[in-house]
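Report on the structure
Okay, here's what each chain looks like letter by letter:
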Amino acid sequence: MQDTFGRTISYMRLSVTDKCNCRCIYCMPRGGVARHTHGEVLSFEEMAEIVRAASKLGVRKVRVTGGEPLVRRGIVDLVAMLSDIEGIDEVDMTTNGTLLTPLAKDLRAAGLTRLNVSLDTLRPGRYQEISRVGELSDVLDGMRAARLAGFPPPKINCVLMGGVNDDEAADFVDIARREPVEVRFIELMPMGECARWPKERFVSGDVVLEVAPELERVGEGGVAELYSAPGFLGRVGLIRAVSHRFCSGCDRVRVTADGRLKPCLHSAAEVPLRGLHGLELERAIAHGIEAKPAHHNLVPGLRSSETPRDMFEIGG
Ligand code: SAM
Ligand code: SF4
């Protein structure tokens, strides 16, 4: 289905929990804050019903996210249910990767198409500082397990923060030089925990092109601008949400763990889907697609995201 600005919406991001086993400094408070009780979070049947309705409106790809999707009990069953839905060609997942090792094989067998793994540093000590509780070795083991389970090379999501990990930009670009992976640099967006951080923390994706001037634009994928260079096995993606406002390429809607459709990540508008069925549910999703604004309004240091939600509720 097309929105009012002619963008084709074919992608739904589904947050399956607001809980997480990590406490990344920019995303969650140290003590964690799951906002929703078990009963407030959509059941697997409700999620499948929403995706089924969305597929009738042209959604072809679903991304399971969170919070951390792998902490949701029965996640493999949910993946199997979503992959079985007619019209859905791709079920992907964004994960911090720390719990992947024991689950990779079953997720693949259940029909999970591909994985995006979030990784903000390649240094073990720094990984502990950023995630507050995670271990880098668990993520690396998880990626290895995914490869052995037959997944295609993951996309690696890296959020660069000035004075925290921006000195690693070149090391991350090097991964795309050596391996057939897509390393995606996501600009830090001012919301939740980091909404009031000093503006030096908000690094433009341009720094990646400064440390790797050999990179040449080779195309785009959704909201990512894709780069590569001679001799590279992989690609570098820049998701310059803040400095270059990627909204004209936006092809997605989001559903929060408590069943509210968000037409835009950064706006306060939400369409409640819970309790709706059949045509009524389809109409509500279509209404959400029609309500997509032309673009978001955030400006780091000046204007934070207008959504009252935190990133761990929405799923990125
Ligand atoms: N827990 C999973 C993970 O970390 O991959 C999935 C949920 S997490 C909210 C999804 C993505 O959002 C991660 O890549 C994370 O780095 C990113 N993220 C969280 N807060 C962000 C922010 N304020 N700005 C930009 N990206 C953010
Ligand atoms: Fe958890 Fe992902 Fe947020 Fe980190 S970015 S705290 S792993 S939800």
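Because the structure is predicted, anything quoted here is derived from the model rather than measured.

Digging into the overall build of the chain
Across its full length, the chain holds 9 helices and 12 strands. Computed over its C-alpha atoms, the radius of gyration of the chain comes to 18 Å, within 12% of the 20 Å expected for a compact globule of 316 residues. Its C-alpha atoms give the chain principal-axis dimensions of roughly 50 × 45 × 40 Å. Residues classed as buried in the chain amount to 55% of the 316 residues present. For the chain, the accessible surface area stands at approximately 13300 Å², while carbon and sulfur atoms represent 51% of it.

Quick look at the pattern of salt bridges
Applying the stated criterion to the full structure yields 23 salt bridges. Measuring nitrogen to oxygen at the nearest pair gives 2.6 Å for the salt bridge that ties Arg7 to Asp3. Residue Glu270 pairs with Arg260 through a salt bridge whose shortest N-O separation is 2.6 Å. Taken together, the positions of Glu270 in the loop between β11 (260–262) and β12 (271–272) and Arg260 in strand β11 put the pair 10 residues apart, joining distant regions of the chain. For Arg260, a relative accessible area of 29% puts it in the partly exposed group. Residues participating in the shared-partner salt-bridge network are Asp258, Arg260, Lys262, Glu270, Arg309 and Glu313.

Brief notes about the side chain of Thr17
Looking at the secondary structure, you find Thr17 in the loop between β1 (11–15) and α1 (44–56). At 3.0 Å, the side chain of Thr17 and the backbone nitrogen of Lys19 are in polar contact. Those residues in contact with Thr17 that lie beyond four places of it in its chain are Thr65, Gly66, Gly67, Glu68, Pro69, Val71, Arg72, Ala257 and Phe312.

What about the sheet that holds β12?
Strand order in the open sheet made by the 12 strands is β7-β8-β9-β6-β5-β4-β3-β2-β1-β10-β11-β12, with mixed pairing throughout. What marks the edges here is a single partner per strand, and that holds for β7 (216–221) and β12. As paired elements, β1 and strand β10 (residues 252–255) share 4 bridges and run parallel to each other. Paired with Leu14 across the bridge in β10 is Val255.

So, unusual backbone geometry
The phi dihedral of Arg132 is positive, around 70°, even though this residue is not glycine. Mapped onto the fold, Arg132 is located in the loop between α4 (124–131) and α5 (136–148).

Topic: the site of ligand 1
Lining the immediate environment of ligand 1, one finds 20 residues, of which Tyr26, Gly67, Glu68, Ser118 and Met189 sit closest. Measuring from a nitrogen atom of ligand 1, one finds a backbone N or O atom of Gly67 at 3.0 Å. Contact between ligand 1 and Met189: a nitrogen atom at 2.8 Å from a main-chain N or O atom of the residue. For ligand 1, the accessible surface in isolation is 540 Å², of which the surrounding protein chains cover 95%.

So, how was this worked out
Residues numbered from 1 in each chain as written. Chains lettered and ligands numbered in written order. Predicted model: local features only at pLDDT ≥ 70, side-chain atom pairs only at ≥ 80, totals over all residues. Heavy atoms only, no water. Helix = DSSP H or I, 4+ residues; strand = E, 2+ residues; numbered from the N terminus. Rg over C-alpha atoms; globule rule 2.2 N^0.38 Å. Buried < 20%, exposed > 50% of the residue type's maximum accessible area, 1.4 Å probe, protein only. Areas by Shrake-Rupley, 256 points an atom, 1.4 Å probe, with all protein chains shown as cover. Salt bridge = Lys/Arg side-chain N within 4 Å of Asp/Glu carboxyl O. Polar contact = N/O pair within 3.5 Å; in protein donor to acceptor, adjacent residues only side chain to side chain. Contact = heavy atoms within 4.5 Å. Pairing = 2+ DSSP bridges. Near = heavy atom within 4 Å.

In short, geometric facts, not functional conclusions.
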